[in-house]
Amino acid sequence: CEYTSFPLFAQLKPYSRLAHSIGVGQIVWHHTGDRVQAVSALLHDIATPVFAHVIDFLRGDYLRQEATEDLTRTIIEQSAPISAILSDEGIAIDEVADYHLYPIADNDTPRLSADRLEYTLGNMVNFGFATAATAQSLYDDLTVGYAEQGTRELTFRSADKARQFAWLSLKCSEVYVCDADRYAMQRLAEVVREAIRVGVLRPTDLYTDEPTVIAKLQQHPDIRHQW
């Protein structure tokens, strides 16, 4: 969405997957003190391609938007530096390749998780729905409790803070499903699909970086016009 001129997105501050991933890792570490869970959280988006969830739209997964996670294990295994660090730390790839194993890191909505918490706090500030101080006060109210099924989960100490977070989460969700958001993602998915069809892009190009991909899109006159 950051590449569109829709007023809703045109003035947003940059927000990278790296910043998000570090944040999720820090939240999990803060609330668990568990290295394995924190590393799994840190690596959970390592398979995210260029344009992020746009590629989920490209693959037809516009509802759950999880298709881009399919290569997480492969990318970890094929990274010699990451594999070496994990080996030195005595952490098996099986322990960190699927962050869904850890409910503090990932939990199905409406339960709270570090992943959803991190981008919700960030987006509520970036969208102008809350101040950084408000986001901090919400984070400071969190602790770890137990869900009805006995699994651990992030929970608020204060009902007022829980209600405030829920309300602000809903405001963010309205952005995620608004026409401008869905149109931008679907349209860019169509541009990428056409670029792959005509040979401007290869599927592996999606795992390089956005400036490289954008430069390739602009090399073809028809694709450049669509872009």
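Fair warning: this is a prediction, and the values are worked out from it, not measured in the lab.

Draft legend 1. Here's a closer look at helix 9 (residues 132–140). Every buried residue of helix 9 is listed here: Ala135, Leu138 and Tyr139. On an axial view of helix 9, the arc spanned by its buried residues comes to 100°, and they lie on one face. Those residues of helix 9 that are buried are in contact with helix 2 (17–32), helix 8 (114–126), strand 1 (142–146), strand 2 (152–156) and helix 10 (159–176).

Draft legend 2. View of the packing of helix 2 against helix 3 (residues 35–42). Where helix 2 meets helix 3, the closest approach of the two axes is 7 Å, and the angle between their N-to-C directions is 165°. Relative to helix 3, the element helix 2 is oriented roughly antiparallel. Between helix 2 and helix 3 lies a crossing of right-handed hand. Here Ser21, Ile22, Val24, Gly25, Val28, Trp29 and Thr32 of helix 2 lie close against helix 3, whose contacting residues are Arg35, Gln37, Ala38, Ala41 and Leu42. The class makeup of the residues in the contact of helix 2 with helix 3 is seven nonpolar, four polar and one charged.

Draft legend 3. Here's a closer look at the pattern of salt bridges. For the structure shown, the criterion picks out 10 salt bridges. Note that arginine 73 and aspartate 94 form a salt bridge whose closest N and O atoms lie 2.8 Å from each other. Taken together, the residues arginine 73 in helix 5 (residues 72–78) and aspartate 94 in helix 7 (residues 93–96) connect sequence positions 21 residues apart. You can call aspartate 94 exposed: its relative accessible area is 52%. Through salt bridges with shared partners, a single ionic network connects Arg73, Glu77 and Asp94.

Draft legend 4. Here's a closer look at the environment of serine 40. In this structure, serine 40 sits in helix 3. As for serine 40 and aspartate 179, which are separated by 139 residues in sequence, their C-alpha atoms are 33 Å apart. Apart from the residues lying within four places of it in its own chain, the contact partners of serine 40 are Glu95, Val96, Asp98, Tyr99 and Tyr102.

Draft legend 5. Region of the structure containing the packing of helix 9 against helix 10. Contact pair helix 9 / helix 10: the axes reach a minimum separation of 10 Å and the direction vectors enclose 130°. Judged on the interaxial angle alone, helix 10 and helix 9 are oblique. Regarding helix 9 and helix 10, the two cross each other, and that crossing is left-handed. Each of Thr134, Ser137 and Leu138 in helix 9 lies in contact with helix 10, whose residues at this interface are Lys161, Gln164, Phe165 and Leu168. Of the residues assigned to the contact of helix 9 with helix 10, the class counts are three nonpolar, three polar and one charged.

Draft legend 6. Structural detail: the pairing of strand 1. With five bridges joining them, strand 1 and strand 2 adopt antiparallel strand pairing. Looking at the pairing, tyrosine 146 lines up with arginine 152 of strand 2. Between strand 1 and strand 2, which pair antiparallel and follow one another directly, the connecting turn spans five residues, one of which, glycine 150, has a positive phi of 90°.

Cut-offs and rules
All residue numbers refer to positions counted from 1 along the written sequence of the respective chain. Confidence filtering applies because this is a predicted model: local features only for residues at pLDDT of at least 70, side-chain atom pairs given and counted only at 80 or more, and all residues used for totals across whole chains, interfaces and linings. For the side-chain quantities, the full set of heavy atoms in the structure was used; hydrogens and water were omitted. Residue burial is assigned from relative accessible area. The probe radius is 1.4 Å, only protein chains are included, and a residue is buried under 20% of its type maximum, exposed over 50%, and partly exposed in between. Counting from the N terminus, the helices are DSSP H or I runs at least four residues long and the strands are E runs at least two residues long. Here, the arc refers to the directions that run from the helix axis to the C-beta atoms. Should any heavy atoms of two residues lie within 4.5 Å, those residues are considered in contact. In this analysis an axis means a line fitted to C-alpha atoms, helices contributing only their contacting stretch, and an angle means the value between N-to-C directions, from 0 to 180 degrees. Each angle gets one of four labels, with under 35 degrees taken as roughly parallel, over 145 as roughly antiparallel, 65 to 115 as roughly perpendicular, and the rest as oblique. Crossing handedness is defined as follows: a turn of the near helix away from the far one that is anticlockwise and smaller than a right angle gives a left-handed crossing, while the clockwise case is right-handed. We call Asp, Glu, Lys and Arg charged. Ala, Val, Leu, Ile, Met, Phe, Trp, Tyr, Cys and Pro are nonpolar, and the rest, Gly among them, are polar. For this document, the term salt bridge refers to a Lys or Arg side-chain nitrogen within 4 Å of an Asp or Glu carboxyl oxygen. Should DSSP find at least two bridges between two strands, the strands are taken to pair.

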